[in-house]
Amino acid sequence: MKALIIGAAGFVGGYLIDALKAVDFDVYATKLKHENIDGGVNVYNLDLTDFSDVCELINEIKPDVIYHLAAQSSVKLSWEKPQMTANINILGAINLFEAVRLHSPSSKVLVIGSSEEYGDIDYECAVNEECVPQPKNIYALTKLTQEKLAEIYVRAYNLHIIMTRSFNHIGPRQSSQFVVADFCNQVASIEKGEHKPIITVGNLDSYRDFSDVRDVVRAYIVLSEKGYAGEVYNVGSGETIQIKEILNIILSMSESKIEISVDAAKFRPIDVPSIKADISKIKKLGWKPEISVKKSVSDTLDYFRGI
């Protein structure tokens, strides 16, 4: 079996490579020219916005399953660079779907969306896939557009595309542009004496549903094997935790005395106060989260410590 990971140099990609190799897939991976991928797999440079390149790749490999991880995935950056975000997340998706339609229509495709798509919802309830998305930032809108394009290709061309709305995932090797990794990176730098004992933070009042990246990768493999074409699946923990509590957990794991400084530049123009996944749909396929938030945070902090 051949698996192609589009955007394999990102946070999730390395874990997915390892998981697929462990079950004897032939793994093919794409990256941008300036990125690196380790792991002994077949690696291709790919600009997802170049349709001819995407077609050439899909035609050459004709993969059994495609994991579409490539995205501009930072909400903050989407406000700063909306054109780039739209090009990668929307045009890139169209190019992939068209290439699959033309050159490998039997491929299964897993398209990774985001919980950000939900936007304004009833914050008191766990959100399920039937809730109508109301995106409140540019990144979320591009992800919802990607999802709607996938639905059209399933209906019009009978492609086997499965979609996720993935909630926040964390773990070792995550970029420090994301909140938990940012906190861990700052604490580790303070412990090493590289910075003053002051951690800068943004909005600590929001509640989020965090999953460990290793659980998320298991979910993606289960969905690629058992998910139904045209269906959307939440991937999350089914629990929420306040960002302030995450910070307190991280600080409790350090012996350094650290002050907290609120930085207005770290706030989003529009933020969702709380969101929790209803994961009953994916649980029916045999998946559930196994790694606790505390374990994820501890492993992430040790990663930045170099342990």
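The paragraphs below set out a description of the structure included in this document.

What counts as what
- Residues numbered from 1 in each chain as written.
- Predicted model: local features only at pLDDT ≥ 70, side-chain atom pairs only at ≥ 80, totals over all residues.
- Heavy atoms only, no water.
- Helix = DSSP H or I, 4+ residues; strand = E, 2+ residues; numbered from the N terminus.
- Rg over C-alpha atoms; globule rule 2.2 N^0.38 Å.
- Buried < 20%, exposed > 50% of the residue type's maximum accessible area, 1.4 Å probe, protein only.
- Contact = heavy atoms within 4.5 Å.
- Salt bridge = Lys/Arg side-chain N within 4 Å of Asp/Glu carboxyl O.
- Pairing = 2+ DSSP bridges.
- Axes fitted to C-alpha atoms, helices over the stretch in contact; angles between N-to-C directions.
- Expected span 1.5 Å × (residues − 1).
- Parallel < 35°, antiparallel > 145°, perpendicular 65-115°, else oblique.
- Left-handed = near helix turned anticlockwise from the far one by under 90°.
- Nonpolar A, V, L, I, M, F, W, Y, C, P; charged D, E, K, R; others polar.
- Disulfide = S-S within 2.5 Å.

### What about the overall build of the protein?
At step 1: Within the protein one finds 10 helices and 13 strands.
At step 2: The C-alpha atoms of the protein give a radius of gyration of 19 Å, which matches the 19 Å a tight globule of 307 residues would have.
At step 3: Overall size of the protein, expressed as C-alpha extent along the three principal axes, is 60 × 45 × 40 Å.
At step 4: Looking at the 307 residues of the protein, the share that counts as buried comes to 50%.
At step 5: For the protein, contacts bridging at least 24 residues in sequence account for 78% of all contacts bridging at least 6.

### Some thoughts on the pattern of salt bridges
Any two side chains of opposite charge can pair, on the condition that their charged atoms come close.
At step 1: A full pass over the atoms with the stated rule returns 14 salt bridges.
At step 2: Of the charged contacts, one joins Glu-80 and Lys-76 as a salt bridge, the two residues approaching to 2.8 Å between their closest N and O atoms. Here the residue Glu-80 and the residue Lys-76 both occupy positions in helix α3 (residues 75-80), the gap between them amounting to four residues, near one helical turn.
At step 3: What makes Glu-80 partly exposed here is its relative accessible area of 48%.
At step 4: Its salt-bridge partner being Arg-214, residue Asp-212 comes within 2.7 Å of it at the nearest N-O pair.

### Structural notes on the sheet that holds strand β3 (residues 42-45)
Across a sheet, paired strands are connected by hydrogen bonds in the backbone, their directions being either parallel or antiparallel.
At step 1: Spatially, seven strands are ordered β3-β2-β1-β4-β5-β6-β11 in an open sheet, and the strand pairing comes out parallel. With one partner strand each, in any of the chains shown, β3 and β11 (232-235) form the two edges of the open sheet. Averaged over all pairs of adjacent strands, the angle between their axes in this sheet comes to 20°, without regard to strand direction.
At step 2: For strand β6 (residues 160-166) and β11, the ladder comprises four bridges, and the chain directions are parallel. Along β11, the bridge assignment pairs Ser-166 with Val-235.

### Side note on unusual backbone geometry
At step 1: Backbone geometry at Asp-24 places phi at a positive 70°, although glycine is not the residue there.
At step 2: For Asp-24, a relative accessible area of 67% gives the class exposed.

### Focus: helix α7 (residues 213-226)
At step 1: The terminal C-alpha atoms of α7, which comprises 14 residues, lie 20 Å apart, in line with the 20 Å expected from a rise of 1.5 Å per residue.
At step 2: Burial of α7 is extensive: 10 of the 14 residues sit out of reach of the surface.

### As for the packing of helix α6 (residues 179-191) against helix α10 (residues 293-305)
To characterise two packed helices, one gives the angle between the axes of the helices and the distance between these axes.
At step 1: With their axes 8 Å apart at the nearest point, α6 and α10 run at an angle of 45° to one another. Judged on the interaxial angle alone, α10 and α6 are oblique. Read as a crossing pair, α6 and α10 show a hand that is right-handed. Touching Val-180, Ala-181, Cys-184, Asn-185, Val-187, Ala-188 and Glu-191 of α6 are Val-297, Thr-300, Leu-301, Phe-304 and Arg-305, all from α10.
At step 2: Here the residues of the contact of α6 with α10 are counted per class, giving eight nonpolar, two polar and two charged.

### Overview of the state of the cysteines
At step 1: One pass over the structure, following the stated rule, counts zero disulfides.
At step 2: Free cysteine: Cys-131, not disulfide-bonded; nearest cysteine sulfur from Cys-125 at 8.3 Å.

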